[in-house]
Amino acid sequence: MKISTKGKYGLIAMIDLAINYKGSYIPLNVIAERQNLSTNYLEQLFSPLKKSGLVKSVKGPQGGYILGDDPSKITIGAILKVLEGNLSVINTQPTDNLVEQCLKIHLWDKIDEKVQTFIYDQTLEELTNEYIKMNSNSGYMFYI
């Protein structure tokens with residue numbers, strides 16, 4: 001499994017939405033500017049996120065995006081599934097080769113299970129809180 005820029009930038013934008021939500025919709029160009037991303041690329045990413053209900057949008061001068069649900073209810077797995085599709089480590093086809101069957105059952109499937117468990121247990125709220133902790137620790141300390 002390799003996460004593409006769709007997954008990476010989609011997660012960045014979703015965390016940005018969660019961190020900066022103050023009761024009003026956030027335009028994509030604002031997210032793009034804050035995160036140094038292309039607005040056009042974010043538009044492509046937000047279309048499937050909107051269809052899936054992970055974000056909501058409003059058009060117009062006061063328009064933009066908000067999260068479709070509470071960040072504690074949005075999993076990283078749900079976001080990646082929408083943006084990336086299949087999250088398997090390796091795509092294997094049914095085979096008569098016993099070595100390949102052994103690898104699929106006893107290695108690839110188990111890795112997939114661990115990855116799926118991890119990303120579906122991790123919420124947007126948890127990552128947002130981790131970002132906030134990291135950001136609050138990045139200040140300078142001056143001692144006299």
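Above this text is the structure in question.
Reading guide: rules and limits
Residues numbered from 1 in each chain as written. Predicted model: local features only at pLDDT ≥ 70, side-chain atom pairs only at ≥ 80, totals over all residues. Heavy atoms only, no water. Pairing = 2+ DSSP bridges. Helix = DSSP H or I, 4+ residues; strand = E, 2+ residues; numbered from the N terminus. Buried < 20%, exposed > 50% of the residue type's maximum accessible area, 1.4 Å probe, protein only. Arc of directions from axis to C-beta. Contact = heavy atoms within 4.5 Å. Patch = residues over 30% accessible without salt bridge, like charges linked within 9 Å, V, L, I, M, F, W, Y side chains within 5 Å. Areas by Shrake-Rupley, 256 points an atom, 1.4 Å probe, with all protein chains shown as cover. Salt bridge = Lys/Arg side-chain N within 4 Å of Asp/Glu carboxyl O. Lys, Arg positive; Asp, Glu negative; His and termini not counted. Charge placed at Lys NZ, Arg CZ, Asp CG, Glu CD. Phe/Tyr/Trp six-rings, centres within 6.5 Å; stacked < 30°, edge-to-face > 60°.

Participant: Account for the pairing of strand E2 (residues 64–67), with residues named and values stated.
Facilitator: One ladder, built from four bridges, connects strand E1 (residues 55–58) with E2; its direction is antiparallel. Note on E2: the bridge partner recorded for Val-58 is Gly-64.

Participant: Give me the lowdown on helix H4 (residues 76–84), citing residues and values where you can.
Facilitator: Restricting attention to buried positions, one finds in H4 the residues Ile-76, Gly-77, Ile-79, Leu-80 and Leu-83. Seen along its axis, H4 keeps its buried residues to an arc of 160 degrees; they face one direction. The elements touched by buried residues of H4 are helix H1 (5–20), helix H3 (39–51), helix H5 (98–121) and helix H6 (124–136). Just downstream of H4 lies Gly-85, where phi reads positive at about 80 degrees.

Participant: So what's going on with the side chain of Thr-75? Residues and values would help.
Facilitator: Here Thr-75 shows up in the loop between E2 and H4. You can call Thr-75 buried: its relative accessible area is 15%. Apart from the residues lying within four places of it in its own chain, the contact partners of Thr-75 are Ile-119, Tyr-120, Gln-122 and Thr-123.

Participant: Break down a negative patch on the surface for me, citing the residues and quoting the values.
Facilitator: Together, Asp-69, Asp-70, Asp-121, Glu-125 and Glu-126 make up a region of like negative charge exposed at the surface. Mapped onto the elements, Glu-126 comes out in helix H6.

Participant: Go over the packing of aromatic side chains with me, naming the residues and quoting the values.
Facilitator: Applying the stated rule across the entire model yields two aromatic pairs. Note on Tyr-9 and Tyr-41: the rings are 5.9 Å apart at their centroids and 85 degrees apart in plane angle, and the pair reads as edge-to-face. Of this pair, Tyr-9 sits in helix H1 while Tyr-41 sits in helix H3, placing them 32 residues apart in sequence. Between Phe-46 and Tyr-65, the aromatic rings sit 4.8 Å apart at their centres with planes inclined by 65 degrees, giving edge-to-face as the arrangement. Placement of the pair is Phe-46 in helix H3 and Tyr-65 in strand E2, with a sequence separation of 19 residues. By the burial criterion, Phe-46 is buried, and Tyr-65 matches it.

Participant: Summarise the pattern of salt bridges; cite the residues concerned and give the values.
Facilitator: A complete count under the given rule lists three salt bridges for this structure. Here Arg-34 makes a salt bridge to Asp-16, at a shortest N to O gap of 2.7 Å. Placement of the pair is Arg-34 in helix H2 (residues 28–35) and Asp-16 in helix H1, with a sequence separation of 18 residues. Classification of Asp-16 as buried rests on a relative accessible area of 1%. One salt bridge connects Asp-109 with Lys-104, and the closest N-O pair in it is separated by 3.0 Å.

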